Number of protein chains: 2
Amino acid sequence: MEKKNQLPKNAQRVFQGALFDVYQWNQEMFDGSREVFERVMRPDTAMVIPVVGEKILIIEQRQPDQAASVIGLPGGRVGRGEDPLRAAQRELLEETGYVSDDWVLWNECRPVAKMEWTVYTYIARGSTKRQEPHLDPGEKISPRFISFDEFLALADEPNFYERELIPVLLRARYETSARVELSQLLFGKRI
Amino acid sequence: MEKKNQLPKNAQRVFQGALFDVYQWNQEMFDGSREVFERVMRPDTAMVIPVVGEKILIIEQRQPDQAASVIGLPGGRVGRGEDPLRAAQRELLEETGYVSDDWVLWNECRPVAKMEWTVYTYIARGSTKRQEPHLDPGEKISPRFISFDEFLALADEPNFYERELIPVLLRARYETSARVELSQLLFGKRI
């Protein structure tokens, strides 16, 4: 799948990094003058809410450049040309050893206006363990199983890593319709 | 004020753009192998919630590279070496012509883990109009005065530009203590 982006047609890549690419273009201002506009692009992220029985599987993770652990969801970068769902399935298996054959896209957001970056969050219903995790040298991960209410309470956790999910967690906590919808998606029947 | 950042000491700037700089460093992994890690840095943002009588002043804004208008708060980039409060005062005056002598820092957040970028949101209590706005060639701005409840409802507006404020708006809508605190900060007595 080719990554969608909202860059103007005349945008040129001026830097290609390990993670971030930078694009620039010459933008006409309202008075006819011109300025260099700039945006960064990073690979999209695919995250997973794995449902295991009545619980949700989250991970405690240390990153090589951080002293403290963070908690978050299994997931990671969508590869070049990779489908986001495929990336979610791959990351879930690598990081936790779990699989599911019942996937739903729950949330898709673009957290920063000047960054081409979309975060996809999938629900993996009825997940089961197939094998041991297969971690990269840059990953230290341990699983944790939490309840629905504990999941919504992650919005209050300072070391919750997926900051871009906080609005949807807060809505699910405080808005009945959002809460019912999420609970159905996680634990309800297949649609 | 020197910009604080959380980059490791051995991080090197590998790209300097119009808005974004890119830093890289050689990071030791958990198994002793090494990989290039990367982060972007952009100027911090200072935003303002100007209180004018019982109302809050927001702006409707068109940007040169976007067809549709967005709504948001007055504010903009913190200049190199500039204090965030000073930037907030400058942007409020430029974009709206308003001034205040009663400023409070309401919210400070770092929206994206891999980006060195802090967003400061100030409250400018008892704001009054001093002059006409002084807009850049890249700005088309018109003011709008809204109530406290309309302000909290911006969290639901798809064209609300300040996405990083949505969590605090939702909390102020749904959590009594956050609501009372914000209402006091906006309209209450000087502390």
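Above this text sits the structure in question.
Residues numbered from 1 in each chain as written. Chains lettered and ligands numbered in written order. Predicted model: local features only at pLDDT ≥ 70, side-chain atom pairs only at ≥ 80, totals over all residues. Heavy atoms only, no water.

A. Representation of the overall build of chain A within the structure. Within chain A, the regular secondary structure consists of four helices and 13 strands. Evaluated residue by residue, chain A yields a buried proportion of 51% over its 191 residues. Counting only contacts in chain A whose residues sit at least 6 apart along the sequence, the fraction spanning at least 24 positions is 61%. A total accessible area of about 9,400 Å² is found for chain A, and carbon and sulfur atoms account for 47% of it. Measuring between centres, the 26 positive side-chain charges of chain A sit 1 Å from its 30 negative side-chain charges. (Helix = DSSP H or I, 4+ residues; strand = E, 2+ residues; numbered from the N terminus. Buried < 20%, exposed > 50% of the residue type's maximum accessible area, 1.4 Å probe, protein only. Contact = heavy atoms within 4.5 Å. Areas by Shrake-Rupley, 256 points an atom, 1.4 Å probe, with all protein chains shown as cover. Lys, Arg positive; Asp, Glu negative; His and termini not counted. Charge placed at Lys NZ, Arg CZ, Asp CG, Glu CD.)

B. Highlighting the environment of Arg179(B). All names here are of chain B. With respect to the helices, strands and loops of the structure, Arg179 is situated in helix 4 (residues 176-187). Beyond its immediate chain neighbours, meaning those up to four positions away, Arg179 contacts Phe148, Asp149, Leu152, Ala172 and Arg173. A polar atom in the side chain of Arg179 sits 2.9 Å from the side chain of Asp149. (Polar contact = N/O pair within 3.5 Å; in protein donor to acceptor, adjacent residues only side chain to side chain.)

C. Structural detail: the interface of chain A and chain B. Tallying the contact residues gives 47 residues for chain A and 47 residues for chain B. Buried area between chain A and chain B, both sides added, is near 3,900 Å², and the carbon and sulfur share of it is 65%. A salt bridge links Glu175(B) to Arg173(A); the shortest N-O distance between them is 3.6 Å. At the boundary of chain A and chain B, one finds 20 residue pairs in polar contact (both at pLDDT 80 or more). Looking at the side of chain A that touches chain B, the elements that each hand over two or more residues are strand 1 (12-16), strand 2 (21-28), strand 3 (34-41) and helix 3 (166-174) of chain A. (Buried area = accessible area lost by both parts, 1.4 Å probe. Salt bridge = Lys/Arg side-chain N within 4 Å of Asp/Glu carboxyl O.)

D. Up close: the sheet that holds strand 1 (residues 12-16) of chain B. Residues and elements named next belong to chain B. Pairing is mixed across the open sheet formed by four strands, whose spatial order is 1-2-3-10. Since the sheet does not close on itself, it has two edges, and those belong to strand 1 and strand 10 (115-116), each with one partner. Bridge count between strand 1 and strand 2 (residues 21-28): four bridges; the pairing is antiparallel. Looking across to strand 2, one finds that Phe15 is bridged to Val22. (Pairing = 2+ DSSP bridges.)

E. Structural detail: helix 3 of chain A. Within the span of helix 3 of chain A, buried status applies to Ile166(A), Pro167(A), Leu169(A), Leu170(A), Arg171(A) and Ala172(A). Those residues of helix 3 of chain A hidden inside the fold are in contact with helix 2 (148-152) and helix 4 (176-187) of chain A together with helix 3 (166-174) of chain B.

F. Focus on the relation of the copies chain A and chain B. You can overlay chain A on chain B at an RMSD of 0.0 Å; the transform is a turn of 180 degrees with a shift of 0.0 Å along its axis. Put plainly, the chains are arranged around a two-fold axis. For chain A, the minimum C-alpha distance to the rotation axis belongs to Pro167(A) and amounts to 2.6 Å. Interface overlap between copies: 100% of the residues of chain A at the interface are likewise at the interface in chain B, consistent with a symmetric, same-surface contact. (Least-squares fit on C-alpha atoms with pLDDT ≥ 70 in both.)

G. Main features of the pattern of salt bridges. Tallied over the full model, the rule gives 31 salt bridges over all chains. Arg171(A) is the salt-bridge partner of Asp156(B), the closest N and O atoms lying 2.9 Å from each other. In this pair, Asp156(B) sits in the loop between helix 2 (148-152) and helix 3 while Arg171(A) sits in helix 3, so the two residues belong to two different chains. Judged by relative accessible area, which is 42%, Asp156(B) ranks as partly exposed. We classify Arg171(A) as buried; its relative accessible area is 19%. Here Arg144(B) and Glu60(B) are joined by a salt bridge, their closest N and O atoms 3.2 Å apart. In this pair, Arg144(B) sits in strand 13 (residues 140-146) while Glu60(B) sits in strand 5 (residues 55-62), placing the two residues 84 residues apart along the sequence. A relative accessible area of 27% means that Glu60(B) is categorised as partly exposed. What you see here is one network of salt bridges that share partners, running through Arg39(A), Arg110(A), Glu116(A) and Asp65(B).

H. Seen up close, helix 1 (residues 84-96) of chain B. Residues and elements named next belong to chain B. Its 13 residues place the ends of helix 1 18 Å apart at the C-alpha level, agreeing with the 18 Å of an ideal helix rising 1.5 Å per residue. What helix 1 keeps buried is the set Pro84, Ala87, Ala88, Glu91, Leu92, Glu95 and Thr96. Taken down its axis, helix 1 places every buried residue within 135 degrees of arc, on the same side. By the N-cap criterion, in which a side-chain oxygen at the helix start approaches the backbone nitrogen of a residue two or three places on, helix 1 is capped by Asp83, the distance to Leu85 being 2.9 Å. Positive phi appears at Gly97, one or two residues downstream of helix 1, with a value of about 80 degrees. (Expected span 1.5 Å × (residues − 1). Arc of directions from axis to C-beta.)

I. Up close: the state of the cysteines. Scanning the entire structure with this criterion turns up zero disulfides over all chains. Not engaged in a disulfide, the cysteine Cys109(A) finds its nearest cysteine sulfur in Cys109(B); these two sulfurs lie 14 Å apart. Residue Cys109(B) is classed as buried on the basis of its relative accessible area, which comes to 18%. (Disulfide = S-S within 2.5 Å.)

J. A look at the sheet that holds strand 10 (residues 115-116) of chain A. Residue and element names in this part refer to chain A. Strand order in the open sheet formed by four strands is 1-2-3-10, with mixed pairing between adjacent strands. Looking at which strands have only one partner, the edges of the open sheet turn out to be strand 1 and strand 10. Sheet analysis places strand 3 next to strand 10, joined by two bridges and oriented parallel. Within the sheet, the bridge partner assigned to Val40 lies in strand 10 and is Met115.

K. The arrangement of the nonpolar core in detail. Among the nonpolar cores identified, the biggest contains 70 residues, and Ile123(A), Phe151(A), Leu182(A), Ile123(B), Phe151(B) and Leu182(B) are the most heavily contacted of them. Excluding its chain neighbours within four sequence positions, the residues that come into contact with Phe151(B) are Ile49(B), Ile56(B), Leu73(B), Ile146(B), Leu169(B) and Leu182(B). (Core = buried A, V, L, I, M, F, W, Y, C linked by side-chain atoms within 4.5 Å.)

L. Main features of the packing of helix 3 of chain A against helix 3 of chain B. Where helix 3 of chain A contacts helix 3 of chain B, the axes come no closer than 9 Å and their chain directions differ by 15 degrees. Classified by the angle their axes make, helix 3 of chain A and helix 3 of chain B are roughly parallel. Where helix 3 of chain A crosses over helix 3 of chain B, the two elements pack in a sense that is left-handed. In this structure, helix 3 of chain A uses Ile166(A), Pro167(A), Leu170(A), Arg171(A), Arg173(A) and Tyr174(A) to contact helix 3 of chain B, whose residues at the interface are Ile166(B), Pro167(B), Leu170(B), Arg171(B), Arg173(B) and Tyr174(B). Looking at the contact of helix 3 of chain A with helix 3 of chain B residue by residue, the class counts come to eight nonpolar, no polar and four charged. (Axes fitted to C-alpha atoms, helices over the stretch in contact; angles between N-to-C directions. Parallel < 35°, antiparallel > 145°, perpendicular 65-115°, else oblique. Left-handed = near helix turned anticlockwise from the far one by under 90°. Nonpolar A, V, L, I, M, F, W, Y, C, P; charged D, E, K, R; others polar.)

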